Amino acid sequence: MKSLILKDLYNIGHNAKSMLFILVLLAVAFLPTSGSAGYIVTCAVLCSMMVVTTFSFDEHSKWGRYAMIMPIARKGLVAGKFVVLAVFCAVGSLFGLAVGTVGELVIKKVPFMSDTIGQLPFLALAAWAIAFVMGSMAIPLVFRFGAEKGRMLLLVSFLVPSAIGAGIYRLLVLLGIAVTQRFVFVLVCCSPAIAFLWCFAMYQISCRIFAKQEF
């Protein structure tokens, strides 16, 4: 498992500089106007998309055929992609948290001990969960359709979780359940557990798809 994760991390290193440049540009655009909340989520989501790039490297190098002659279970190959996705999401959310905190302190001149700064770690946690959920839906799509077609279907992996979230919110409103700050705080704290449950379902689907593939 460790070698599978390191393989993808080494391969994606070629795109690290370009991704860093994009995140810095977004910081200049987002932080003065929209604030750090949207920037943290954007960083996490953009970094989660890099998992699709790892599939492109695998297809280009014919990694699948090579992996099948090695003592590696197919479930292990699938699990490695989800672990790499979790790492990408963590890097994106932590980078967004660091830059967002600096932006609040310098650009908006918010005191370090203010409530706004104190809320940013929880926003980063929620951003990680959101990116993990969206990225995990892209993995079975790429296993099914390949990296190139999977890129075009990335929009689906972002729209479906968003639609589910919007539907749940409307259901709560119809049931008369008030979406208070405390409710949101509890939801944010539970978001990693929700994300893991969602990703476990995506992992099972990915394993079934990958098990039927021939190399």
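Residues numbered from 1 in each chain as written. Predicted model: local features only at pLDDT ≥ 70, side-chain atom pairs only at ≥ 80, totals over all residues. Heavy atoms only, no water.

Asker: Would you take a moment to explain the environment of Ala 86 for this structure?
Answerer: By the secondary structure assignment, Ala 86 is in helix H6 (residues 74-106). Taking the relative accessible area as the measure of exposure, Ala 86 reaches 18% and is therefore buried. Separated by 110 residues in sequence, Ala 86 and Phe 196 have C-alpha atoms that sit 10.0 Å apart. Not counting the four nearest positions on each side in its chain, Ala 86 is found in contact with Trp 128 and Phe 132. (Helix = DSSP H or I, 4+ residues; strand = E, 2+ residues; numbered from the N terminus. Buried < 20%, exposed > 50% of the residue type's maximum accessible area, 1.4 Å probe, protein only. Contact = heavy atoms within 4.5 Å.)

Asker: Explanation requested: the packing of helix H3 (residues 36-48) against H6 in the structure shown.
Answerer: Relative placement of two packed helices is described by the angle separating their axes and the distance separating the axes. Two numbers describe how H3 lies on H6: the axes approach to 7 Å, and their chain directions differ by 155°. Compared by their axis directions, H3 and H6 come out roughly antiparallel. Considering how the two elements wind past one another, H3 and H6 form a crossing that is right-handed. Counting all contacts with H3, which are made through Ser 36, Tyr 39, Ile 40, Cys 43, Ala 44, Cys 47 and Ser 48, the residues of H6 involved are Leu 85, Phe 88, Cys 89, Gly 92, Ser 93, Phe 95, Gly 96, Leu 97, Val 99, Gly 100 and Glu 104. (Axes fitted to C-alpha atoms, helices over the stretch in contact; angles between N-to-C directions. Parallel < 35°, antiparallel > 145°, perpendicular 65-115°, else oblique. Left-handed = near helix turned anticlockwise from the far one by under 90°.)

Asker: Sorry if this is basic, but what is going on with a nonpolar patch on the surface here?
Answerer: A cluster of nonpolar side chains, namely Leu 20, Val 24 and Val 28, defines an oily patch on the protein surface of about 260 Å² accessible area. Among the structural elements, Leu 20 can be located in helix H2 (residues 16-30). (Patch = residues over 30% accessible without salt bridge, like charges linked within 9 Å, V, L, I, M, F, W, Y side chains within 5 Å. Areas by Shrake-Rupley, 256 points an atom, 1.4 Å probe, with all protein chains shown as cover. Salt bridge = Lys/Arg side-chain N within 4 Å of Asp/Glu carboxyl O.)

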